[in-house]
Amino acid sequence: MNESSWGAPPGVGRAGQWGPPDQGPVGSAGPAHDWGAAAQTRPMPIVPDAGGHQDDDRDHRDDPGAARLSGPLFRDEQPQEPMPTSLPGSDSSEQPHKPQKKSAGRNLRAAIGVGLGLGAVILFSLFVYKPLFVGVIVIAVVVGLWELTSRLSERKDIKVPLVPLALGGTAMVVAGYVRGAEGAWVAMALTALAVLVWRMTEAPENYLRDVTAGVFATFYVPFLATFVAMMLAADDGPQRVLTFLLLTVVSDTGAYAVGWRFGKHKLAPRISPGKTREGLFGAVLFAMVAGALSMELIIDNGAWWQGLLLGIAVAASATLGDLGESMIKRDLGIKDMGTLLPGHGGIMDRLDSLLPTAPIVWLLYVIFVGSG
């Protein structure tokens, strides 16, 4: 008998037998029954009542033809031993399932090691020689474009020309550092035009799809990264970039720590099931505290209340940026954009929060303390 049904038996084995061909009824230790005897029975649950036999006796008196829950499965069977709780062939020595502890979901040792290494490179280039940090931005942009275009080609067969994107992205970052927002806009327009022309050298099929993806990549990676170079161009540029990076990392850390420990309510389950509302609260709280301290202690002419607003903005934009890249990866059917950084994924998996946050932080710097 099927454990989840009250209907007819699942089938007949050999002539005159129920269940599998060489076995009696499931959980039965008695003999097999022929069709005539079994056809007169009423199927009953196979789980005995743990509450005793008093109610079963009363039901049995009210309906003499009904089988007792605590008795055999069929009226004409002899009393049997209670059915074992484990299925045949299973290991009865197995202990009951114990809930597993929460897992961090990634190699924390590798992630911390890579994070410390990247932090050392960033701090050295940022405070020793500012143009050196421009080179760090360019490398991150080019590698990020390579990861993005590679995944688009592999998963969607979208052919985005990498050469004009890499050259144009480099020009955008340098122009933003040297000429500010005006230079960045001009470089972006020329890069988009180069993508359109470069794609003309191939077959016209899917031209519109490919150049659309190319223009998207132009905006998403190098143009947004240009705002970091524009922050760096200020007199206190290294302090501004450091605060921007610090707040974004603190926001991500707060979301990760609080969400992993207390997260119960999903934030966007269809996009990123691992993110929770509690994690968002942790991101806002951590970023506000870090923002107030940073604006008061690091940024020239900054105030703590400006840091509170900056922290809220960073937490919101970093979360949206993370969800945005999760949307892209879900559409592509991948978990990470790359494997270059152990414990982190690819470069784009680290830039997802930074890229959309950069223009917002740059704008708030201009409003609060000027362009420098």
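Since we're looking at a predicted model, the values are computed, not measured.

So, the nonpolar core
Here comes step 1: Counting 59 residues, the largest nonpolar core has Ile137, Val241, Phe244, Leu310 and Tyr365 as the members making the most contacts within it.
Here comes step 2: Excluding residues within four positions of it along the chain, Phe244 makes contact with Val228, Met231, Leu354, Thr357, Ala358, Val361 and Tyr365.

Things to note about helix α4 (residues 130-156)
Here comes step 1: Taking 1.5 Å per residue, 27 residues should reach 39 Å; α4 reaches 39 Å between its end C-alpha atoms and fits that length.
Here comes step 2: Positive backbone phi, at 60°, marks Asp157, one or two positions downstream of α4.

Description of the confidence of the model for the protein
Here comes step 1: Averaged over all residues, the pLDDT of the protein equals 80, while 71% of them reach at least 70.
Here comes step 2: The least confident element of the protein, judged by mean pLDDT, is helix α1 (residues 35-38) at 42; the most confident is helix α6 (residues 207-232) at 97.
Here comes step 3: Long-range and interchain partners of residues 1-81, a stretch whose pLDDT sits below 50, account for 78 contacts in this model, where long-range means more than four residues apart.

Some words on the environment of Leu247
Here comes step 1: With respect to the helices, strands and loops of the structure, Leu247 is situated in helix α7 (residues 237-262).
Here comes step 2: Here Leu247 falls in the buried class, since its relative accessible area comes to 1%.
Here comes step 3: Put simply, Leu247 and Thr357 are 110 residues apart on the chain and 9.9 Å apart in space, counted from C-alpha to C-alpha.
Here comes step 4: Here Leu247 is in contact with Ala287, Ala290, Gly291, Ser294, Leu310, Gly311 and Val314, once residues within four sequence places are set aside.

Some details on the environment of Arg270
Here comes step 1: Within the secondary structure layout, Arg270 lies in the loop between β1 (266-268) and β2 (272-276).
Here comes step 2: Judged by its relative accessible area of 77%, Arg270 falls in the exposed class.
Here comes step 3: Residues Arg270 and Arg330, spaced 60 residues apart in sequence, show a C-alpha to C-alpha distance of 9.4 Å.

Structural notes on the side chain of Lys329
Here comes step 1: Tracing the chain through its elements places Lys329 in helix α9 (residues 304-332).
Here comes step 2: Beyond its immediate stretch of four places on either side in the chain, Lys329 contacts Ile334, Lys335, Asp336, Met337 and Asp349.

Here's the deal with unusual backbone geometry
Here comes step 1: Non-glycine residue Asp157 carries a positive phi angle of around 60°.
Here comes step 2: Residue placement: Asp157 occurs in the loop between α4 and α5 (162-199).
Here comes step 3: Phi is positive for Asn206, which is not a glycine, with a value near 65°.
Here comes step 4: Examined against the element boundaries, Asn206 turns out to sit in the loop between α5 and α6.

So, the packing of α5 against α6
Here comes step 1: With their axes 9 Å apart at the nearest point, α5 and α6 run at an angle of 170° to one another. Viewed along their axes, α5 and α6 adopt a mutual orientation that is roughly antiparallel.
Here comes step 2: Of the residues that constitute the contact of α5 with α6, the class distribution is 21 nonpolar, 7 polar and 2 charged.

Description of the packing of aromatic side chains
Here comes step 1: Considering all chains together, one arrives at 6 aromatic pairs under this definition.
Here comes step 2: A ring pair is formed by Phe216 and Tyr220, whose centres lie 5.4 Å apart and whose planes are at 15°; its orientation type is stacked. With Phe216 and Tyr220 both in helix α6 and 4 residues apart, the pair spans about one turn of that helix.
Here comes step 3: Here Phe216 falls in the partly exposed class, since its relative accessible area comes to 37%.
Here comes step 4: Judged by relative accessible area, Tyr220 falls into the buried class, the value being 10%.
Here comes step 5: One aromatic cluster in this structure is built from Trp185, Phe219, Phe223, Phe227 and Trp362.
Here comes step 6: Over the ring of Phe262 we find Arg261, and its NZ or CZ is 5.1 Å from the ring centre.

Conventions used here
Residues numbered from 1 in each chain as written. Predicted model: local features only at pLDDT ≥ 70, side-chain atom pairs only at ≥ 80, totals over all residues. Heavy atoms only, no water. Core = buried A, V, L, I, M, F, W, Y, C linked by side-chain atoms within 4.5 Å. Buried < 20%, exposed > 50% of the residue type's maximum accessible area, 1.4 Å probe, protein only. Contact = heavy atoms within 4.5 Å. Helix = DSSP H or I, 4+ residues; strand = E, 2+ residues; numbered from the N terminus. Expected span 1.5 Å × (residues − 1). pLDDT = per-residue confidence, 0-100. Axes fitted to C-alpha atoms, helices over the stretch in contact; angles between N-to-C directions. Parallel < 35°, antiparallel > 145°, perpendicular 65-115°, else oblique. Nonpolar A, V, L, I, M, F, W, Y, C, P; charged D, E, K, R; others polar. Phe/Tyr/Trp six-rings, centres within 6.5 Å; stacked < 30°, edge-to-face > 60°. Lys NZ or Arg CZ within 6 Å of the ring centre and 35° of its normal.

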